[in-house]
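Tertiary structure, described
Single-letter residue listing:
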Amino acid sequence: MKRDGHIHTPFCPHGSTDSIEKYVEKAIASGFKEITFTEHAPLPENFVDPTPDKDSGMNPAYLMDYFKLLKRAKEQYQSEIKINIGLEVDYIVGYEHETKQFLNEVGPLMDDAILSVHFLNFQDEYVCIDFSQEVYLQFANKVGGILPMYKLYYETVKKSIKADLGLYKPKRIGHPTLIHKFQHAHDEQIDDAADISELLKMMQTGHYELDFNSAGLSKPYCKEPYPPYPFVKQAIDLQIPVIFGSDAHTAADLHQHYDLLQDKITF
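Source: prediction; values computed, not measured.

This part takes up the packing of aromatic side chains. Evaluated as defined, the whole model comprises 18 aromatic pairs. Look at Phe47 and Phe119: their rings are 5.1 Å apart centre to centre, the planes differ by 65°, and that puts the pair in the edge-to-face class. In this pair, Phe47 is assigned in the loop between strand E2 (34-40) and helix H2 (63-76) and Phe119 in strand E5 (residues 119-122), connecting sequence segments 72 residues apart. Connected via pairs of aromatic rings, a cluster forms that spans Phe32, Phe212, Tyr229, Phe244, Tyr258 and Phe267. Taking NZ or CZ as reference, Lys264 lies 5.2 Å from the ring centre of Tyr229, over its face.

In structure tokens:
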């Protein structure tokens, strides 16, 4: 069954104005039977977004409108496609309590959700690691190099897997190799296979799903999905549910590279 489990909406402050209906109708036309809208959840109120435009998460003032519109779309298209209402929730070191409180409030309104790491913390400073090539390389320099940055990223993802975020903690781990987004912006060859394998084993133990995220194939300094194919095969061997996600922020990007991934791996 064709399913896309990672889709953004016009509620994304760094996305597009494409309507929810435009996404849904494209999904139906493309033969998809199930989709999940996973807009970036509002960040904790006491967390300062390090990006210049402070636009990493949804404006909390629009959260209930988001749920209402998706509920309406779910009902409107129920005979044609299954629509899941969800969020992409950020795991931020030091903000576990706030995230748990938020999930306790909105969890009953969701069918599905993703837990992702975008923010890394070093010496009490946070950075959005996938924001730009410049931020990525500057942060690597700050932490002592590319390899230490990779290690910090994977340690943070491990913390997200182990974190107590309550009954409504998302069951799918989002793009767990996002640190590869700018891997061709530097000339170092990083062997992180052991780290990725450890993450997968932790996911297996914790009964998590894997977001097989195609967006990296469209990133000029990444050129591969998150995670790369060998680790998706490993996840399948570990019987971890693998859920395709296009991570579309525009209707044009919806289901991007699905056929390519499906040809390489059966998921």
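Moving on from the coordinates now.
Before going further, it helps to spend a moment on the nonpolar core. Nonpolar side chains tend toward joint burial in soluble globular proteins. Residues Phe37, Leu87 and Met149 are the most contacted members of the largest nonpolar core, which totals 76 residues. The leading source of residues in this core is helix H5 (residues 146-162), at 7 residues.

For the rest of this paragraph, the subject is the pairing of E5. Here 4 bridges tie E5 to strand E6 (residues 125-128), and the two strands are oriented antiparallel to one another. Counterpart to Leu120 in the pairing with E6 is Val127.

Across the sheet, which stays open at both edges, the 7 strands sit in the order E1-E2-E3-E4-E7-E8-E9 with parallel pairing between neighbours. Unpaired on one side and paired on the other, strand E1 (3-7) and strand E9 (242-245) mark the two borders of the sheet. One ladder, built from 2 bridges, connects strand E4 (residues 112-116) with strand E7 (residues 172-173); its direction is parallel. Following the sheet pairing, Ile114 is matched in E7 by Arg172. Strand contacts of H2: E2 and strand E3 (82-90), with the helix running at about 155° to E3, the strand carrying the most contacts.

Definitions and limits used
- Residues numbered from 1 in each chain as written.
- Predicted model: local features only at pLDDT ≥ 70, side-chain atom pairs only at ≥ 80, totals over all residues.
- Heavy atoms only, no water.
- Phe/Tyr/Trp six-rings, centres within 6.5 Å; stacked < 30°, edge-to-face > 60°.
- Helix = DSSP H or I, 4+ residues; strand = E, 2+ residues; numbered from the N terminus.
- Lys NZ or Arg CZ within 6 Å of the ring centre and 35° of its normal.
- Core = buried A, V, L, I, M, F, W, Y, C linked by side-chain atoms within 4.5 Å.
- Buried < 20%, exposed > 50% of the residue type's maximum accessible area, 1.4 Å probe, protein only.
- Pairing = 2+ DSSP bridges.
- Contact = heavy atoms within 4.5 Å.
- Axes fitted to C-alpha atoms, helices over the stretch in contact; angles between N-to-C directions.

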